[in-house]
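Summary of structural features
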Amino acid sequence: MKNKIQGFTLAEILVAIVIGMISIAAAFSAYNYFSKSYASVSQKASISKSAREALSLIASDLRNTGYYHVDFESKNCMKWNTNNINQFLIGIKHGDKRNESAGKHKQADSFATFYSISAKDHKRASYRLKKYQDNSPDKGQYYLVRDVVINFIGHDPSRGCPAWSRNYNMVVDEVMLVPYVEDLQIIPKDIDGNVVFPVCTSCSNLENASGGQTKSIQNMKKVHTVDVYLTVRSPREVYKKDRKIRIQNGESPYGSNITISGDKYHRETFFVSVHTRNLATPVVVSEQTGESISQTSSYNK
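This text gives an overview of the structure that appears in the document. (Residues numbered from 1 in each chain as written. Predicted model: local features only at pLDDT ≥ 70, side-chain atom pairs only at ≥ 80, totals over all residues. Heavy atoms only, no water.)

This next bit is on the nonpolar core. Grouped together as the largest cluster of nonpolar side chains are 40 residues, with contacts concentrated most on Ile58, Leu62, Ile90, Leu144, Val228 and Leu230. Counting residues per element, this core draws most heavily on helix H1 (residues 10-64), which supplies 7 residues. Not counting chain neighbours up to four residues away, the residues in contact with Leu62 comprise Ile90, Phe111, Thr113, Val226, Val228, Val274 and Thr276. (Core = buried A, V, L, I, M, F, W, Y, C linked by side-chain atoms within 4.5 Å. Buried < 20%, exposed > 50% of the residue type's maximum accessible area, 1.4 Å probe, protein only. Helix = DSSP H or I, 4+ residues; strand = E, 2+ residues; numbered from the N terminus. Contact = heavy atoms within 4.5 Å.)

Right, here's the structure in full:
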């Protein structure tokens, strides 16, 4: 009796090979797709995280700006007269094209907040864009930095106070908060929602043309809210094809209007509106007594 040997025919083997190749191709295609999607999502998540953390820090400084302790002693030792402490509340420089802080598109703002942290010490926190070094692979790009200085203002020897010097306490020096920043816009507004301009301590040509520092000092206490726009670019290319992009942050002529001809990078704008509770503090009149009551009693409750 002969044994019957069973096996696959050539046709069956070819069909199995084709099915296997299709399965492998499908698996590779799916892996490639999900890998690229993950890279895209992770980049978007990364810029979102860094931008939101920076806005949280900016919002905190803006809420504190203009606050001076009721017993703040340093104001009696200012190089200028006591009233000139009002020169150090908030300062915003709008798109100074001569300055590096205007960023890649020469439209970005820079700003500083000023407030006391005790009866003897005051703080300046400043934000601006800074260019990557020329020997960096990111040459031509900008990032957001923060400086923090304690007691930077000079004093008057005639009042028995230490003489002017730059021996202040630099707590934070150009710490990078957000990489690949395309735009930063700081728009101060009064209680009616109108843009307050200028508001500067070190004014550029744009601010000087509109009244400069003299008008700015008067405007500082009018600032009720500050709108902050921060546009960030992804570190790597995300899209398959070039995309033309327009960035418009804030109201003209104080905001930015940027057109990018086309590239594959993802860009996202983050926004926060901050109430500067220590600057514009309107008096509220009580209907019952006709007397003024403090901001803490009823304002913005």
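Checked against the element boundaries, Ile247 lands in strand E8 (residues 243-249). By relative accessible area, which is 4% here, Ile247 ends up buried. As for Ile247 and Ile258, which are separated by 11 residues in sequence, their C-alpha atoms are 4.9 Å apart. Those residues in contact with Ile247 that lie beyond four places of it in its chain are Glu182, Asp183, Thr231, Ser256, Asn257, Ile258, Ile260 and Arg267.

Nonpolar side chains collect at one region of the surface, where Phe8, Leu10, Ile13, Leu14, Ile17 and Met21 lie side by side and expose about 680 Å² of accessible area between them. Here Leu14 lies in helix H1. Leu14 gets classed as partly exposed once you look at its relative accessible area, which sits at 47%. (Patch = residues over 30% accessible without salt bridge, like charges linked within 9 Å, V, L, I, M, F, W, Y side chains within 5 Å. Areas by Shrake-Rupley, 256 points an atom, 1.4 Å probe, with all protein chains shown as cover. Salt bridge = Lys/Arg side-chain N within 4 Å of Asp/Glu carboxyl O.)

It is worth spelling out the sheet that holds strand E7 (residues 225-237) at this point. In any sheet, the strands associate via hydrogen bonds between backbone groups, in a parallel or an antiparallel arrangement. Reading across from one edge, E6-E7-E10 is the order of the 3 strands in this open sheet, with antiparallel pairing throughout. On the outer flanks of this sheet lie strand E6 (181-189) and strand E10 (265-275), each paired with one strand and no other. Sheet twist, expressed as the average angle between the axes of neighbouring strands with direction ignored, equals 10°. Here E7 runs beside E10; their pairing, made up of 10 bridges, is antiparallel. Across the sheet, residue Leu230 finds its bridge partner in E10, namely Phe270. (Pairing = 2+ DSSP bridges. Axes fitted to C-alpha atoms, helices over the stretch in contact; angles between N-to-C directions.)

With that out of the way, let us pick up the packing of aromatic side chains. Under the counting rule described, the total for this entry stands at 5 aromatic pairs. A centroid spacing of 4.9 Å and a plane angle of 10° characterise the contact between Phe111 and Tyr127, whose relative ring orientation is stacked. Of this pair, Phe111 sits in strand E2 (residues 110-116) while Tyr127 sits in strand E3 (residues 122-131); the two residues are 16 residues apart in sequence, bridging distant segments of the chain. For the pair Phe111 and Tyr127, one class covers both residues: buried. The interplanar angle of 50° and the centroid separation of 4.9 Å between the aromatic rings of Tyr229 and Phe271 together place this pair among those described as tilted. Note that Tyr229 is positioned in strand E7 and Phe271 in strand E10, a separation of 42 residues in sequence. (Phe/Tyr/Trp six-rings, centres within 6.5 Å; stacked < 30°, edge-to-face > 60°.)

Note that all results are geometric; they support no functional claim without further evidence.
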